[in-house]
Each structure stands twice: as structure tokens, then as C-alpha cells.
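Here is what each chain is made of, one letter per residue.
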Amino acid sequence: MDFDFTEKEQAFRAEVKQFIADNLPPPEQRGEDFEKHWHAKLIEKKWIGFSWPKEYGGGGGTLIEQFILKEEMSKALAPDLGSDFMGLTWVGPALIRHGTEEQKKEFLPDLLNCRSSWCTGYSEPDVGSDLGSLKLRAVRDGDDYVINGSKIWTTRAHVARYIFLTVRTNPEAQSRYSGISVLLTPMNTPGIEVRPIVNIVGQHHFNQVFFTDVRVPVSARLGAEGEGWKVVMGALANERSGISESTGMERHLEKLKELARNSQKGGKPALQDAEVRRKLARFETQISAMRLNGLRNLTKQIKGAQPSSETSVNKLLRGILEIPMADLAMSLLGNEASGMGEWQFDALNFHGTVIGGGSPNIQRNIIAERVLGLPKD
Ligand SMILES: Cc1cc2nc3c(=O)[nH]c(=O)nc-3n(C[C@H](O)[C@H](O)[C@H](O)COP(=O)(O)OP(=O)(O)OC[C@H]3O[C@@H](n4cnc5c(N)ncnc54)[C@H](O)[C@@H]3O)c2cc1C
């Protein structure tokens, strides 16, 4: 196994570092308009969607170069590459793989130019982990589908322009997985109503979305009718790999070490305490494993495979790590833990984020059945 980067990749890393040194101010010096100007520079470099094919407006970079780009940006505490995480992480790749030429022309440029905002409609009031039993009904009527039903936990539905929407087009299909389709639906279509759901930390990210006789043209369908499950499986693999990139966890760990450095335990700096050191070392080891696992997944993709069930390994690792990391931070904060700072927020919020994209139990099932080949439960 060769862990070294090629000369070309090392030169690219140097280019990214130089760009950051020339253009990225430290976080405390970033003004209100900073992200707009920063994104304009990234668009010019074609570093948003850097590994997407040039024919669709992407940068034509390799997957390893994109990994290097993200790694350096994360180390420098840069904002995300692009303004639409869902759009860039799973909607765009699904469009490139399954979209018609018209759909690619309509949606991809906006994704790459920070003009898009997507949300994702999978979960329903009675459907979460068991996504294959989704019920939102779309009935064909001439050149349209007419949609009735509801989605829930739809992150950013209140600000999104489009929803990546799973619907049931054929309730009588032989298998429940074969009657599902994906519709690329504008959120301003008449008949869509978005109602906010406020989370445990008092923020409004989720929504319930109601569909009443919503008409969407057949041309908005992504992939063939009834073959949406295939589209969704690919999108979920990309979602899980995007959510669980090790760079985000490396940032958390650095913050945690900083907190330990500045906290006291038993009358001495917490960083000198054996138990704290053991916990930090365990986190660091698992995050290093995530990074290597991410590179292993990339290697598979470079050889032509699509991201698949193996992305559940890092998603699970992230789920296992986040809550204990926040718990350690809370114990280091001592009396201050009753306030409402960044770590207190994380300690409450992580219980939700580990579920988004599929709960840890579901990742365990996927790893057992589809990666290790164990019998179904
Ligand atoms: C932060 C966050 C963001 C989200 N954003 C979106 C979004 O944008 N769009 C969207 O569509 N959805 C979104 N969701 C919903 C999310 O996908 C679901 O919450 C998740 O799939 C679990 O479904 P559920 O809540 O219905 O729980 P359930 O499926 O009812 O599961 C309840 C419990 O049972 C366990 N369980 C269920 N089935 C099994 C099994 N077969 N084996 C072992 N254990 C099992 C689960 O692990 C869980 O602990 C979001 C959720 C969160 C928390």
C-alpha cells in the first residue's frame, strides 16, 4: 500500500496552501461579506465541484486533488467549498450519473456558482430508517405527476429552492423498492406548504412539508420511473461520505485539545491528566482511521466503483465519536457547562446529528449485511 502523494499532488497541495495564505484572513478578521467574496474566488479557480467533469462546468481535478483541497481548507478553518452542502454532496453527483442533458444544463451551473439551495425529502411521519416503505404518492396525469402526502425532518426546506423528492409512483410494484421515483421539485410549486419544527437547542433547521395536489412535470423525474431506489442508494452513500469526512472531526479534536490545554483537573492542566490523555488519544486514533478509510473509499472510486455501503463505516465512526467528545468537553468545562456556549450546544445537538443520514444502528446493519456479507436480521 502506497500512502505517498505523487509530485503533481504535492504541487497541487502547495498551490492550495499559497492560495489560502494569499486570500484567507483568520476567522476573527472575516467581515459580513467575506463568504460572498471568498466563494467568488473559489468559483474563478473552479474549486467548487473541483472533481466534476469539465463538460458540466466542473474543475476536472482528480478525487485525490479534491481530497487535498478539502483537507487544506479545513486545516485553515475555511468555510465549506460552496454554499449548498446537500446540492454539491449528493444532488449534483446524482444528476451527473442519472440526469438528462436538459437537467444537467438546468441545475449543475447553479450548483457550481453558489446560486442553488436544495433540500432532501426522504423521511415521512411513519417512515425513517425503513425508507423503502415511503408512501408520498405521485399519480401520473398526462405529462404531470400529482403529489399528495407529507415529508418530515426536511432540513432547510424553508430556505431551499428545490427538493430532491422521493415519491411512490407504483404502489402495486412487485417489490416495495421498485415503485419509487425521484422528482426534482421546485419548492415554490403551488400546493407545497412548509411548517417549521424547532429542535432541542431552539433552532429551526427541520420542517414538515405538506403536498396537496402538487403538479410536477414528468420531465422533472431523475432516472427512470420506478427506479428511484437506485438513485437514492447512490445519493445516500454520497451523503454518508460527505457527512463523515474526517476533516470536520479533526477540527473538533483540535478544539477539544485546546480546551484541555486551558482547563484544570485536580489542580493541574487537564492535558496532563492520564484519563483525559487516554480519551484524547483514543479519539485521535479513531479519527486517523476515518481518514485512512476515506482514502480507501476514494481509491475504490478512482478505480471506477461508485461510492457504496462502505461509506457507512465512517458515518458510524463519526456517530460513535461525537457524543463522547462533547461529553469530555462538558466535564472539562466543569461549572461553566451549565452555560450556553459552543460545546454545550454541540453536546445537545450531536444527539440529533448522529441520526441524520441514518442512525448508528442502521449503519451497523448495512456494514454487517452489505460489507461483511452476514445474513440479514
Ligand atoms: C439532524 C437531522 C437531520 C435530518 N435531515 C433530514 C432531511 O433533510 N431529510 C430527510 O428526509 N430526513 C432527515 N432526517 C431524518 C432522518 O433521516 C431519520 O430521523 C432517520 O432516518 C431515522 O428515522 P426515524 O427518526 O423515523 O427513526 P426510526 O426509523 O423510527 O428509528 C428509531 C430507532 O430504532 C432503530 N432502528 C430502526 N430500525 C432498525 C433496524 N432495522 N435495526 C436496528 N435498529 C433499528 C434506529 O436506529 C433508531 O434508534 C434528519 C434527522 C436528523 C436527526
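Residues numbered from 1 in each chain as written. Predicted model: local features only at pLDDT ≥ 70, side-chain atom pairs only at ≥ 80, totals over all residues. Heavy atoms only, no water.

### Brief notes about the overall build of the chain
The condition that has to hold: Each helix corresponds to a stretch of at least 4 residues labelled H or I by DSSP, and each strand to a stretch of at least 2 residues labelled E; elements are numbered beginning at the N terminus. As a reference, a globule follows 2.2 Å times the number of residues to the power 0.38, and the radius of gyration itself is taken over C-alpha atoms. A simple rule labels every residue: compare its accessible area, found with a 1.4 Å probe on the protein chains alone, to the largest value its type can have, and call it buried under 20%, exposed over 50%, or partly exposed in between. Here, residues are in contact when the closest pair of their heavy atoms is within 4.5 Å. Here the accessible surface of atoms and residues is derived via Shrake-Rupley with a 1.4 Å probe, and residues count as covered only by protein chains that are part of the display.
What the chain contains, in helices and strands, is 11 helices and 10 strands. Taking 21 Å as the expected radius of gyration for a compact globule of 377 residues, we find that the chain reaches 22 Å, a close match to that expectation. Overall, the chain is about 75 × 45 × 45 Å in size when its C-alpha atoms are taken along their principal axes. For the chain, the proportion of its 377 residues judged to be buried stands at 48%. For the chain, restricting intrachain contacts to residue pairs at least 6 apart in sequence, the fraction spanning at least 24 positions comes to 71%. Carbon and sulfur atoms make up 52% of the accessible area of the chain, which amounts to about 19100 Å² in all.

### Points about helix 7 (residues 246-261)
Definition in use: Given a helix with a known number of residues, its expected span is that number minus one, times 1.5 Å.
Under the 1.5 Å per step criterion, the end-to-end length of helix 7 is 22 Å for 16 residues, consistent within 8% with the ideal 22 Å. Within helix 7 the residues assigned to the buried category are S246, T247, M249, H252, L253, L256, K257, L259 and A260. Along its buried surface, helix 7 packs onto helix 3 (63-75), strand 10 (268-269), helix 8 (274-302), helix 9 (311-333) and helix 10 (342-353).

### Overview of the pairing of strand 2 (residues 137-141)
Spelled out, the test is: Pairing between strands is defined by DSSP: at least two bridges between the two strands are required.
Relative to strand 3 (residues 144-152), strand 2 runs antiparallel, the two sharing 5 bridges. Across the sheet, the residue bridging to A138 is I147, located in strand 3.

### Details of the site of the ligand
Rule in force here: When at least one non-hydrogen atom of a residue lies within 4 Å of a molecule or strand, that residue is treated as near it. Polar contacts here mean pairs of N or O atoms no more than 3.5 Å apart (in protein, one a potential hydrogen donor and the other a potential acceptor; neighbouring residues in sequence count only if both atoms are side-chain atoms). Charged means Asp, Glu, Lys or Arg here, nonpolar means Ala, Val, Leu, Ile, Met, Phe, Trp, Tyr, Cys or Pro, and polar covers whatever is left, Gly included.
In the vicinity of the ligand lie 16 residues, with S123, S129, W153, T155 and S359 positioned nearest. Residue T120 places a main-chain N or O atom 2.8 Å away from a nitrogen atom belonging to the ligand. Side-chain polar atom of T155 to a nitrogen atom of the ligand: 2.8 Å apart, as the coordinates give it. Protein chains shield 62% of the accessible area of the ligand, which is 980 Å² for the free molecule. Residue assignment for the shell around the ligand shows that the elements contributing at least two residues are strand 1 (118-121) and helix 11 (360-371). Ranked by residue count, the leading element in the shell around the ligand is helix 11, at 3 residues. Each residue belonging to the shell around the ligand can be placed in one class, and the counts come to 5 nonpolar, 11 polar and no charged.

### A look at the state of the cysteines
The condition that has to hold: Only a pair of cysteine sulfur atoms within 2.5 Å qualifies as a disulfide here.
Counted by the stated rule, this structure contains 0 disulfides. C114 supplies the cysteine sulfur nearest to C119, a cysteine that is in no disulfide, at a spacing of 18 Å. Classification of C119 by relative accessible area gives buried; the value is 0%.

### Here we look at the pattern of salt bridges
Let me state the cut-off plainly: We define a salt bridge as a side-chain nitrogen of Lys or Arg found within 4 Å of a carboxyl oxygen belonging to Asp or Glu.
Throughout the structure, instances matching the rule amount to 28 salt bridges. R261 serves as the salt-bridge partner of E258, at 2.9 Å between the closest nitrogen and oxygen. In this pair, E258 and R261 both sit in helix 7, 3 residues apart, roughly one turn of the helix. Assessed through its relative accessible area of 40%, E258 is described here as partly exposed. Members of the salt-bridge network, linked through shared partners, are R13, E71, E72, K75 and R291.

### A few points about the domain arrangement of the chain
Operational definition: Bear in mind that the domain bounds are from an automatic or database domain assignment.
Partitioning the chain into domains gives domain 1 (7-82), domain 2 (118-225) and domain 3 (244-371). The centre of domain 1, based on its C-alpha atoms, is set 33 Å off from the matching centre of domain 2.

### As for the nonpolar core
Across soluble globular proteins, nonpolar side chains show a tendency to be buried alongside one another. Going by this rule: Nonpolar core, defined: a set of buried Ala, Val, Leu, Ile, Met, Phe, Trp, Tyr and Cys residues in which side-chain atoms within 4.5 Å join the residues together.
Counting residues in hydrophobic clusters, the biggest one holds 47 residues, and the most contacted among them are W47, M73 and F164. If one sorts the elements of this core by residue count, helix 4 (residues 85-98) sits on top with 6 residues. A domain split of this core shows at least three residues from each of domain 1 (7-82) and domain 2 (118-225). Counting 20 residues, the second-largest nonpolar core is a separate cluster that includes L280, A329, L332 and L333.

### Things to note about the side chain of T154
You can see T154 is positioned in the loop between strand 3 and strand 4 (162-168). Residues contacting T154, with those up to four places away along its chain left out, are C119, T120, G121, I163, H205, F206, N207 and V209.

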